[in-house]
Amino acid sequence: MIPVRADSTRLAFDRASGAIEGAGIREKALIMAFQAGARISSSWAHRGFGVGCRALRPTVPNRDMYVRLNEDAVFAFPFGDEYWSTILDRKYVYELDIDLFLRGISDTDYVLLDCGANYGYWSTLVSSRPYGSRRAIAIEPSSSNYAYLRRNAVVNGDRFETIKSAIGETSGTAYLSGRKHASMTIVDHGEGGDAVAMESLDDLMDRMDLSTKRLVLKLDVEGVEIGAMIGAARLLKTDCVVICEDHGSDPLHAVSKHVLNHTDMQLFCYDPDAGRYIHLKNTSPLDRIKKAVNRGYNVLATSSLFWEARILASST
């Protein structure tokens, strides 16, 4: 079992038991406030939760929070972070549809390519025992995000790999912009942004000798999903399933339409009303499913009959 904390100064929270360690009275009160805010705001896709976190920020100590996600996974983020503090609510399951799918394939030998990994939440989980202890490669371009990504790799015994790079249509240089760690995006050079290395998924596949591996490709690359898929033409023909974001703010469902109209892959989405994944022949069901404009929705795409069967077997 991985220890939640290495010393008494570490602020730690166990999702299974609710136990808090290394916290003073003020910090315990703040944790309860974040929990209450996350619980209340969950009814409307956590709208307003960030406002509450920012209001409390002057009172929040400059510390990291270490959350035990399960008996074999620890995840660190800045205490009071308005995005990740939602997981302090023990009833909340982050990206329920993806969690359902990844738990359901814990018996499958695959490699996770976690593109736009942020702090490494999914790499931390997929490489843990309850999710099958699978190989994960976490890829993140932002220097500040990458620092936490590395921290989470280290605190979990360096069991997943990390790469500091953007993912795009071609390999070269990209320009990264954004103030919030969860919404960094690639911009044109003329719009400013920090220069970062960029690699196409086909080049990454060749460099890491992944062409014969069964792959789960998670694309959370903030608006460049289509470019990333264009740069993965060969990879998408392997034994691969793609998890990519079709954001609630896009009523035209551009990512899903690209999959349907420009690839040979079949498209699937979790339908919360049915409690299972459904096969999308067109994007009309997304008009009903994508209810919140402030959050991303995931679609799964594959040309593999194996992955198609595993997707359709996932249900709550």
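Notes on the structure follow. For every chain, the first residue of the written sequence is number 1, and numbering continues from 1 along that sequence. A pLDDT threshold of at least 70 governs which residues receive local features in this predicted model, and a stricter bar of 80 or more applies before side-chain atom pairs are shown or counted, although totals over entire chains, interfaces and linings include all residues. Calculated side-chain values reflect all of the structure's heavy atoms, with hydrogen atoms and water omitted.

## So, the packing of aromatic side chains
For Phe, Tyr and Trp, rings pair up if their centres lie within 6.5 Å, where Trp contributes its six-membered ring, and each pair is then called stacked (planes under 30 degrees apart), edge-to-face (over 60) or tilted (otherwise). Scanning the entire structure with this criterion turns up 16 aromatic pairs. Seen in terms of ring centroids, tyrosine 94 and tyrosine 121 are 4.9 Å apart; in terms of plane orientation they differ by 75°. Their pairing is edge-to-face. Placement of the pair is tyrosine 94 in the loop between strand S4 (73-78) and helix H3 (96-104) and tyrosine 121 in helix H4 (residues 121-126), with a sequence separation of 27 residues. Among the aromatic side chains, those forming a connected cluster through ring pairs are Phe75, Phe77, Tyr83, Trp84, Tyr94, Tyr121 and Trp122. Positioned over the ring face of tyrosine 66 is arginine 10, at 3.9 Å from the centre of the ring. Cation placement over rings: the criterion is NZ of Lys or CZ of Arg within 6 Å of the ring centroid and within 35° of the ring normal. The ring of tyrosine 148 is capped by arginine 151, whose NZ or CZ atom sits 4.6 Å from the centre of that ring. Per the convention used, a helix needs a DSSP run of H or I reaching at least four residues, while a strand needs a run of E reaching at least two, with both numbered from the N terminus.

## Examining the nonpolar core
Judged by nonpolar contacts, the single largest core of 52 residues is most densely connected at Met65, Ile87, Phe101, Leu102, Tyr121, Val216 and Leu300. Any two residues having at least one pair of non-hydrogen atoms within 4.5 Å are treated as being in contact. Filtering out sequence-adjacent residues up to four positions away, isoleucine 87 remains in contact with Phe13, Arg15, Val67, Leu69, Phe75, Phe77, Tyr92, Tyr94 and Tyr121. Residues belong to a common nonpolar core when they are buried Ala, Val, Leu, Ile, Met, Phe, Trp, Tyr or Cys residues joined through side-chain atoms within 4.5 Å. Only protein chains enter the accessibility calculation, which uses a 1.4 Å probe; a residue whose area is less than 20% of its type maximum is buried, one above 50% is exposed, and one in between is partly exposed. Formed by 37 residues, the second largest nonpolar core is a distinct cluster that contains Ile137, Ile163, Leu204 and Leu280.

## Concerning the pairing of S4
Burial of S4 is extensive: five of the six residues sit out of reach of the surface. A pair of strands is treated as paired once DSSP finds two or more bridges between them. Sheet analysis places strand S3 (residues 64-70) next to S4, joined by six bridges and oriented antiparallel. In the strand pairing of S4, aspartate 64 is matched with proline 78. Counting the residues between successive antiparallel strands, the hairpin from S3 to S4 contains two residues.

## A closer look at the side chain of serine 304
By the element assignment, serine 304 lies in the loop between strand S16 (296-302) and helix H10 (305-312). The definition of a polar contact used here is a pair of N or O atoms within 3.5 Å, where within protein one atom must be able to donate a hydrogen and the other to accept one, and adjacent residues in sequence count solely through side-chain atom pairs. In terms of polar contacts, serine 304 uses its side chain to reach the backbone amide nitrogen of phenylalanine 306, at 3.2 Å. Setting aside its immediate chain neighbours within four residues, serine 304 contacts Asp239 and Cys240.

## As for the sheet that holds strand S5 (residues 111-115)
Sheets are built from strands paired through backbone hydrogen bonds, the pairs being either parallel or antiparallel. The mixed open sheet is built from eight strands, whose spatial order is S7-S6-S5-S12-S13-S16-S14-S15. With one partner strand each, in any of the chains shown, strand S7 (161-163) and strand S15 (276-280) form the two edges of the open sheet. Each strand axis lies, on average, 25° off the axis of its neighbour in the sheet, ignoring direction. Sheet topology places strand S6 (residues 135-139) next to S7; three bridges connect them, and they run parallel. Bridged to alanine 138 within S7 is threonine 162. In this analysis, axes come from line fits to C-alpha atoms, helices being fitted only over the stretch in contact, and the angle between any two N-to-C directions falls in the range 0 to 180 degrees. Of the strands in this sheet, strand S12 (215-219), strand S13 (240-247), strand S14 (266-271), S15 and S16 are in contact with H3, which crosses S16 at around 35°.

## Side note on H10
Each α-helix winds once per 3.6 residues, and so residues spaced three or four apart point in a common direction. Along H10, the residues classified as buried are Trp307, Glu308, Arg310 and Ile311. Along the axis of H10, the buried residues cluster in a sector spanning 165°; they form a single face. On its buried face, H10 sits against H3, S12, S13, S14, S15 and S16. The N-terminus of H10 is capped by serine 304, whose side-chain oxygen sits 3.2 Å from the backbone nitrogen of phenylalanine 306. Starting at the helix axis, one direction is taken to each C-beta atom, and the arc is that of these directions.

Structural measurements only, silent on function.
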